[in-house]
Amino acid sequence: MSPETGWGPRPDTGADALITGRFEVKQHILIVEDETGLAELLRDYLLMADYDVDILYEGGSAVEWVRQHNPALLLLDLMLPGKDGMAICREVRQFSQVPIIMTTARVEEIDRLLGLELGADDYVCKPYSPREVVARVRSVLRRAGGQVAGSMAQLTGITLDEDAFKATVNGTNLDLTPVEFRLLNTFMAQPGRVFARGHLLDNLYDDQRVVSDRTIDTHIKNLRKKLEAQLPDQEVIQSVYGVGYKLEIPG
């Protein structure tokens, strides 16, 4: 751990995991927890659940770390040296909609944690089971995969209305199939993030049907055509060779 920043060493799990012949991109979790033993226990459980994990042992560097690394989820203790969890959550929400799970022993603060004041996505009360935390992480990430970041929609000119099941580009309607709509929704929830084919397929079908990974290529091809018709000369959905796909913000 660096004495200047308190940034914990990243476990040497490899950049990618080769599974059934393809590279899987692991979701990156940041733990901000000053209790070293507890932080490392959570890290071990999350690693076993196939997440990539970093630890910060104090709060002073957390906001800048999130800004630089854009994790998939932030597991944030309430009481921290350097800067407390409430201040971190408030500052992160000024530039990011990254899912945040707060951990706290202060039950009286729960309403504030989940309310408009801070905008945390969930909380876990101490003492807790590491297995419970992993289950909460999975649940929050699953919900986040179906959410659209409003600021992203405004920046790109792409707007999704889940209630009306309607997608528009600069006010022009896109005639998307249900699968294409869910696919674009997933991309827009985390712009710039590379999604493996298997992860995208998990978000597309409610009935958990078994389909080939290459099925996603057809859906991507059709979605690209519809986007490019409205955004010519802009490759909004980009291929990452050997990994999957990502959405880039149009200029």
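Nothing here was measured: the structure is a model prediction, and the numbers come from that model.

Draft legend 1. Highlighting the packing of aromatic side chains. Scanning all chains against the criterion turns up one aromatic pair. On the basis of an interplanar angle of 85° and a centroid distance of 5.7 Å, the ring pair of Phe-187 and Phe-195 is categorised as edge-to-face. Exposure remark for Phe-195: the relative accessible area of 1% places this residue in the buried category.

Draft legend 2. Molecular detail of the packing of helix H1 (residues 36-48) against helix H5 (residues 130-144). Running from N to C, H1 and H5 point in directions that differ by 55°, and their axes come no closer than 10 Å. On the basis of their axis angle, the class for H1 and H5 is oblique. Seen from above, H1 lies across H5 with right-handed handedness. Where H1 abuts H5, its residues Leu-41, Leu-42, Tyr-45 and Leu-46 lie against Pro-130, Arg-131, Val-133, Val-134 and Val-137. A per-class count over the contact of H1 with H5 returns eight nonpolar, no polar and one charged.

Thresholds, definitions, all that
Note on numbering: residues in each chain are counted from 1, in written sequence order. Two thresholds apply to this predicted model, a pLDDT of at least 70 for residue-level local features and 80 or more for giving and counting side-chain atom pairs, whereas whole-chain, interface and lining totals are computed over all residues. Heavy atoms from the whole structure form the basis of all side-chain values; hydrogens and water molecules are not counted. Paired rings are identified among Phe, Tyr and Trp, the last through its six-membered ring, by centres lying within 6.5 Å, and are further divided according to the angle between planes into stacked (under 30 degrees), edge-to-face (over 60) and tilted (the rest). Residue exposure (1.4 Å probe, protein chains only): buried if accessible area is under 20% of the type maximum, exposed if over 50%, otherwise partly exposed. Lines fitted to C-alpha atoms define the axes, with helix axes restricted to the stretch in contact, and inter-axis angles between N-to-C directions lie between 0 and 180 degrees. Here a helix means four or more residues in a row that DSSP labels H or I, a strand means two or more in a row labelled E, and each is numbered from the N terminus. An angle counts as roughly parallel when it lies under 35 degrees, as roughly antiparallel when it exceeds 145, as roughly perpendicular when it falls between 65 and 115, and as oblique in every other case. Take the far helix as your reference; a near helix turned counterclockwise from it by less than a right angle gives a left-handed crossing, and one turned clockwise gives a right-handed crossing. For this analysis, residues touch if any pair of their heavy atoms sits within 4.5 Å. Throughout this entry, Asp, Glu, Lys and Arg are counted as charged residues, while Ala, Val, Leu, Ile, Met, Phe, Trp, Tyr, Cys and Pro are counted as nonpolar. The remaining residues, Gly among them, count as polar.

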